[in-house]
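Notes for the structure review
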Amino acid sequence: MSAKIIDGKAVSDLIKNEIAEETAQLQKKGITPGLGFILVGDDPASQTYVRMKGKACERVGFYSLTERRPTETTQEELLDLVNRFNVNPDIHGFLIQLPLPGHLNEVEIIESVDPVKDVDCFTPYNVGSLTSGRESFMPCTPAGVIELMRRSDIDPSGKHVVIVGRSNIVGRPLATLLSRKSEGGNATVTLCHSRTRDISQFLRQADIVVAAIGSPEFIHGDQLKPGCIVIDVGVNRVNVPESEDKRGYRLVGDVHFDSACKIASAITPVPGGVGPMTIAMLLKNTLIAAKRKAGIIQ
Ligand code: GUN
């Protein structure tokens, strides 16, 4: 058996085209959705992510504004910058790229974002709204996973979904969304993590595996149930000789792709799976924020 490859890049391109069309309509009414980015320090992966998000804005016709600050930036300076985004009328949504340098209080910074502009869905208000089923924004990566499944005709209803990884960004909110009583949900969810005893016993039972533990090739094909669906959220840089890749690294997921392909019925690749969907969902949230501000939707 060789698994079907779920092409997240192609699906995200479709969504971006839909967003670009809607943006063109909004622009006729004088509205240009605006998305802001705050990047502190020089983490190479974060720089790449912010650049890619900025390019995605250009592609769909959004205004974007990136504020870069050095590693030594103080808590007060960063809070002041967040507040400037909070009150900037051209910015409908913005995010602080994580992780922040260690001396900064990440919780306090996130809490200072106006929930109306919190397109990452990281503020306590929006996390609480999501948990109680009245979300104003869907968190981008979990929403990307659900939308990718929906557009690939994978219905999690009644299935056993095993999520590996309990992060606030992916595992936890995804468990909330997949287990809720609505379209794209209704799954039986098991949330595994680094302290789970014998992860294999859970993986063996999974109809759908979501890998989001941040450990390169953590899950192997021989742990999976034949015919299962594998959604790989991991993006790990693995060093390789420059003769193999001129960047000196290659990207691998949290799943050992080649062995999983032999057992699963469908799998998302890394790169080109969930990653592009996350960016598409970020754009979608910004579009929603712009339409709310204009009174077009609630
Ligand atoms: N760092 C890793 N993932 C994310 C994300 O989804 N949003 C932000 N702001 N930072 C991240």
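Residues numbered from 1 in each chain as written. Predicted model: local features only at pLDDT ≥ 70, side-chain atom pairs only at ≥ 80, totals over all residues. Heavy atoms only, no water.

Observations concerning the overall build of the chain
- Scanning the chain from N- to C-terminus turns up 10 helices and 11 strands.
- By the compact-globule yardstick of 19 Å for 298 residues, the chain fits well, its C-alpha radius of gyration being 19 Å.
- On the principal axes, the C-alpha backbone points of the chain span a range of 50 × 45 × 35 Å.
- The burial tally for the chain puts 50% of its 298 residues in the buried class.
- Considering only contacts within the chain whose residues lie at least 6 apart along the sequence, 70% involve residues at least 24 apart.
- A total of about 14,300 Å² of accessible surface is found on the chain, and carbon and sulfur atoms cover 51% of it.
- Side-chain charges of the chain comprise 34 positive and 35 negative groups, with the mean position of each set lying 5 Å from the other. (Helix = DSSP H or I, 4+ residues; strand = E, 2+ residues; numbered from the N terminus. Rg over C-alpha atoms; globule rule 2.2 N^0.38 Å. Buried < 20%, exposed > 50% of the residue type's maximum accessible area, 1.4 Å probe, protein only. Contact = heavy atoms within 4.5 Å. Areas by Shrake-Rupley, 256 points an atom, 1.4 Å probe, with all protein chains shown as cover. Lys, Arg positive; Asp, Glu negative; His and termini not counted. Charge placed at Lys NZ, Arg CZ, Asp CG, Glu CD.)

Observations concerning the sheet that holds strand β1 (residues 4-5)
- An order of β1-β11-β8-β7-β5-β6 is seen for the 6 strands of this open sheet, with the pairing classed as parallel. Every other strand in the sheet has two partners, leaving β1 and β6 (188-192) as the edge strands with one partner each.
- Where strand β5 (residues 160-164) lies against strand β7 (residues 208-211), 4 bridges are found, and the strand directions are parallel. The residue bridging Val162 from the neighbouring strand is Val209, located in β7. (Pairing = 2+ DSSP bridges.)

Some words on helix α5 (residues 124-131)
- Those residues of α5 not exposed but buried are Asn126, Ser129 and Leu130. Down the axis of α5, the sector holding all buried residues measures 100°, keeping them to one side.
- Those residues of α5 hidden inside the fold are in contact with α7 (171-179).
- Phi for Gly133, located one or two positions after α5, is positive at around 80°. (Arc of directions from axis to C-beta.)

Some words on the sheet that holds strand β2 (residues 34-40)
- Taking strand neighbours across the sheet as the criterion, the 3 strands line up as β3-β2-β4 in an open arrangement whose pairing is parallel. In this open sheet, the two edge strands, each paired with only one partner strand, are β3 (63-69) and β4 (93-96). In this sheet, adjacent strand axes meet at a mean angle of 15° when their direction is disregarded.
- Of the strand pairs in this sheet, β2 and β4 are connected by 4 bridges, and their pairing is parallel. The residue bridging Gly36 from the neighbouring strand is Phe94, located in β4. (Axes fitted to C-alpha atoms, helices over the stretch in contact; angles between N-to-C directions.)

As for the environment of Glu108
- Following the sequence through the fold, Glu108 ends up in helix α4 (residues 106-111).
- Assessed through its relative accessible area of 36%, Glu108 is described here as partly exposed.
- Discounting chain neighbours no more than four positions away, the residues touching Glu108 are Gln75 and Leu79.
- Engagement of the side chain of Glu108 in a polar contact is seen with the side chain of Gln75, the distance being 2.5 Å. (Polar contact = N/O pair within 3.5 Å; in protein donor to acceptor, adjacent residues only side chain to side chain.)

A short note on the site of the ligand
- Around the ligand lies a shell formed by Leu95, Ile96, Gln97, Leu98, Asp120 and Phe122.
- Between the ligand and Ile96, the relevant distance is 2.8 Å, taken from a nitrogen atom to a main-chain nitrogen or oxygen of the residue.
- For the ligand, a nitrogen atom lies 2.7 Å from a polar atom in the side chain of Asp120.
- When the ligand is considered free in solution it has 280 Å² of accessible area, and contact with the protein chains removes 80% of it.
- Looking at side-chain class alone, the shell around the ligand contains 4 nonpolar, 1 polar and 1 charged residues. (Near = heavy atom within 4 Å. Nonpolar A, V, L, I, M, F, W, Y, C, P; charged D, E, K, R; others polar.)

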